[in-house]
Structure formats: C-alpha cells, structure tokens
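If you want the building blocks of each chain, they are given just below.
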Amino acid sequence: MTEPYSDDLALALEIADAADAISLDRFMALDLVVEKKPDRTPVTDADKAVEREIRDRLASARPEDAILGEEYGSAGDSTRQWIIDPIDGTANYLRGVPVWATLISLVVDGEPVVGVVSSPALGRRWWGALRQGAWTTNSTLAPSSPARRLAVSAVARLDDASISYNSLKGWDEAGRLESLLSLSRGVWRTRAYGEMWSYMLVAEGALDVAGEFDLQPYDMAALIPVITEAGGRFTSVDGIPGPWWGSALATNGLLHDEALRVLAE
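These numbers were taken from a predicted model, which means no experiment stands behind them.

## With respect to the pairing of strand S8 (residues 124-129)
- The buried fraction of S8 amounts to six of the six residues, a majority that puts the element mostly inside the structure.
- Of the two faces of S8, both are covered, the one formed by Arg124, Trp126 and Gly128 as well as the one formed by Arg125, Trp127 and Ala129.
- As judged from the six bridges shared by strand S7 (residues 111-119) and S8, these two strands associate in the antiparallel manner. Residue pairing across strands places Val117 opposite Trp126, the latter belonging to S8.
- Between S7 and S8, which pair antiparallel one after the other, the connecting turn spans four residues, and Gly123 there sits at a positive phi close to 70°.
- Across five bridges, S8 lies against strand S9 (residues 133-137) in antiparallel orientation. Bridging from a neighbouring strand, Arg125 pairs with Thr137 of S9.

Okay, here's the thing in structure tokens:
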C-alpha cells in the first residue's frame, strides 16, 4: 500500500534536483549578485532564482496548494502548504563555505509531513516523510547510490552528549546565554556546526542535541520530518512542537526533557 505523501515526497526530491543545479552553478561565481534585505540579512541572485524555480514547479504540479518562501512570501490559502528556503545558509554561500542547503517541506494542517534538505556543495541530501522513515544519500552527484536509513543516537545521559548550539550571539540576543552555558557545562562536547547541518547530524546519530534562536518557519519545517522519522524529537527551546515559535531544539528524544529542564533554569 502506498504511504500517504509518497507522491509529494517524490515531487520534493525532483524539485530539489532542479534547485541544486541552479545553486551549485552559482556557488562561488565571481559575478554573484549580493543585496541586503530590509532586515539587513544578505540575499543573492541564486536565492531568488532557486525560489522562483521551486515556486514555478509547485504551481504546475500542485496548483491548489499554498506556498511560503523566504524570498517571495506567501501565496494561496490551503491546509496544504509548501514551505521553502531556497538557500539556508546564504552567508555561508556567498563566502564560499559549503554548509548550505535548499529546504523543501510540505505542511498539512500545520504539521510538517515531508521534508527534503539538499546540500549539493557537501554532496549530501536528507529527506523524511510521515511513516516513511528518514534517509540520506552520500552524494547528490550519484543519485543511483543506495539510500541509507537514518536513526538518532542512543545516548541517554547529558554528560555523555555532544551538542551543537549554532552561535553564542544568537543565544545572547535571546537572553538565554546563561542557559546555554549551563547546558554546555553538563555535556561531553560542544560545537557550533551551524545551519541545517547540526540538525541533520542529530538525525544521523552523530550529534545528540542541537538548538538555536532567531528562526523562521522556513528555517525549520523541512528539518522536522527528518528528525522525527529518524526517531528524534523537535520542539522550540521552550518545548512547543512545530516550526512556528522562533527557536529550535532537536534531540535524540532520550535527552529532550532533560535538555529542556536545564535550558529553562
């Protein structure tokens, strides 16, 4: 029996192929056009081109669905909404750092049910869909290579955990730096891998906890099916499920309540 959202996942993966072709072609281009948005964050011609391509393909394949994207806002009114970040990690992209990705998610009645995270400069792609598990390939350049199913770690104690916090500045600006420092003192290892990569490492079992502030739904929606279908848990830093609350805490599930407790103190 075909699982629900199988066709949507297949579509998202197909669209990710097209997005990767555009973004990778412009990565490290000498004529890359960089502008500042009103919120002073950077946007490149590649961000805009990727989002236009994704929107065009969704409009053709799913004309009744709504769309929310970072660069061109929202369109449509439906309980089915595609949420896209054309290039998550634009600052990395424009500086030549390969940690960036296109994020494509389908949200139904407010719940992310399909997520694709495609990072062509790293040669990696991750995806997940409701009741279909979470998967990765080692190279987007070899699509015939077998996919590997993801599973979070079995680490059950914070003092054995490896965490990623993205940036001290983000936690400081949210007034939660002391909470982060308290958590970091109680774990085995802390790093700031940043962007979507921290969360995909949680899904792979290489990290146990990842979290940050100052996020939008398009930064998070695609991550959630990958994390949860790999056996993990994803909430805000205050413990509320979903991508709507401005922050993220992803764990292997076993450590989630304890991490929330420490961060709340």
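## Examining helix H9 (residues 256-264)
- Within H9, burial applies to His256, Ala259, Leu260, Val262 and Leu263. Here the buried residues of H9 occupy an arc of 165° about the axis, which is enough to place them on one side. The outward face of H9, more than 90 degrees from its buried face, is lined by the exposed residues Asp257 and Ala264.
- Tucked into the core, H9 has its buried residues touching helix H4 (168-173), helix H5 (177-185), strand S14 (233-235) and strand S15 (247-251).

## Observations regarding the sheet that holds strand S10 (residues 148-149)
- An order of S4-S3-S5-S6-S7-S8-S9-S10 is seen for the eight strands of this open sheet, with the pairing classed as mixed. Each having just a single partner strand, strand S4 (73-75) and S10 make up the two edges of the open sheet.
- Judged from the seven bridges that link them, strand S6 (residues 101-108) and S7 form a sheet pairing that is antiparallel. By the bridge assignment for S7, Thr102 is matched with Ser118.

## Remarks on the packing of aromatic side chains
- One pass over the full model with this rule turns up six aromatic pairs.
- Here Phe27 and Trp100 contribute two aromatic rings whose centre-to-centre distance is 5.2 Å and whose plane-to-plane angle is 55°, an arrangement assigned as tilted. Placement of the pair is Phe27 in the loop between helix H1 (6-26) and strand S1 (34-36) and Trp100 in the loop between helix H3 (90-95) and S6, with a sequence separation of 73 residues. Across this residue pair, the class does not change: Phe27 and Trp100 are buried.
- Seen in terms of ring centroids, Tyr93 and Trp100 are 4.8 Å apart; in terms of plane orientation they differ by 80°. Their pairing is edge-to-face.
- Among the residues examined, Trp100 registers a relative accessible area of 0% and is labelled buried.
- Put simply, the rings of Phe27, Tyr93 and Trp100 pair up and form one aromatic cluster.

## Brief notes about the sheet that holds strand S13 (residues 209-213)
- Spatially, the five strands line up as an open sheet ordered S12-S11-S13-S15-S14, and their pairing is mixed. Whereas interior strands pair on both sides, the edge strands pair on one side only; in this sheet they are strand S12 (189-191) and S14. The sheet shows a mean angle of 15° between the axes of neighbouring strands, taken without regard to direction.
- Strand contacts of helix H6 (residues 195-204): strand S11 (162-164), S13, S14 and S15, with the helix running at about 150° to S13, the strand carrying the most contacts.

## Some remarks on the packing of H1 against helix H2 (residues 45-61)
- For the pair H1 and H2, the least separation of the axes is 9 Å and the interaxial angle reads 155°. Put simply, H1 runs roughly antiparallel to H2. Remark: the crossing between H1 and H2 carries right-handed chirality. Only Asp45, Ala46, Ala49, Val50, Glu53, Ile54, Arg57, Leu58 and Ala61 of H2 make contact with H1, whose side of the interface consists of Leu11, Glu14, Ile15, Ala18, Ala19, Ile22, Ser23 and Arg26.
- Broken down by class, the residue content of the contact of H1 with H2 amounts to 11 nonpolar, one polar and five charged.

## A look at empty space enclosed by the protein
- Tallying each qualifying case throughout the model produces two cavities of 30 Å³ or more.
- Considering only enclosed or pocket space, the largest cavity measures out at about 40 Å³ in volume.
- Lining the largest cavity are Ile163, Ser164, Tyr165, Trp171, Leu180, Leu183, Val209, Ala210, Gly211 and Leu249.
- Secondary structure elements with two or more residues in the lining of the largest cavity: S11, H5 and S13.
- No other element matches S13, which puts three residues into the lining of the largest cavity.
- Its residues placed into classes, the lining of the largest cavity shows eight nonpolar, two polar and no charged.
- Counted as a void, the second largest cavity has a volume near 30 Å³.
- If you trace the second largest cavity, you find it lined by Ser164, Tyr165, Asn166, Gly194, Glu195, Ser198, Tyr199, Ala210, Gly211 and Glu212.

Conventions adopted
- Residues numbered from 1 in each chain as written.
- Predicted model: local features only at pLDDT ≥ 70, side-chain atom pairs only at ≥ 80, totals over all residues.
- Heavy atoms only, no water.
- Buried < 20%, exposed > 50% of the residue type's maximum accessible area, 1.4 Å probe, protein only.
- Helix = DSSP H or I, 4+ residues; strand = E, 2+ residues; numbered from the N terminus.
- Pairing = 2+ DSSP bridges.
- Arc of directions from axis to C-beta.
- Contact = heavy atoms within 4.5 Å.
- Phe/Tyr/Trp six-rings, centres within 6.5 Å; stacked < 30°, edge-to-face > 60°.
- Axes fitted to C-alpha atoms, helices over the stretch in contact; angles between N-to-C directions.
- Parallel < 35°, antiparallel > 145°, perpendicular 65-115°, else oblique.
- Left-handed = near helix turned anticlockwise from the far one by under 90°.
- Nonpolar A, V, L, I, M, F, W, Y, C, P; charged D, E, K, R; others polar.
- 1 Å grid on protein atoms, 1.4 Å probe; cavity = no way out; pocket = protein on both sides within 12 Å on 5 of 7 lines; lining within 4 Å.
- Points joined across faces, edges and corners; volume = space filled by probe spheres on them.

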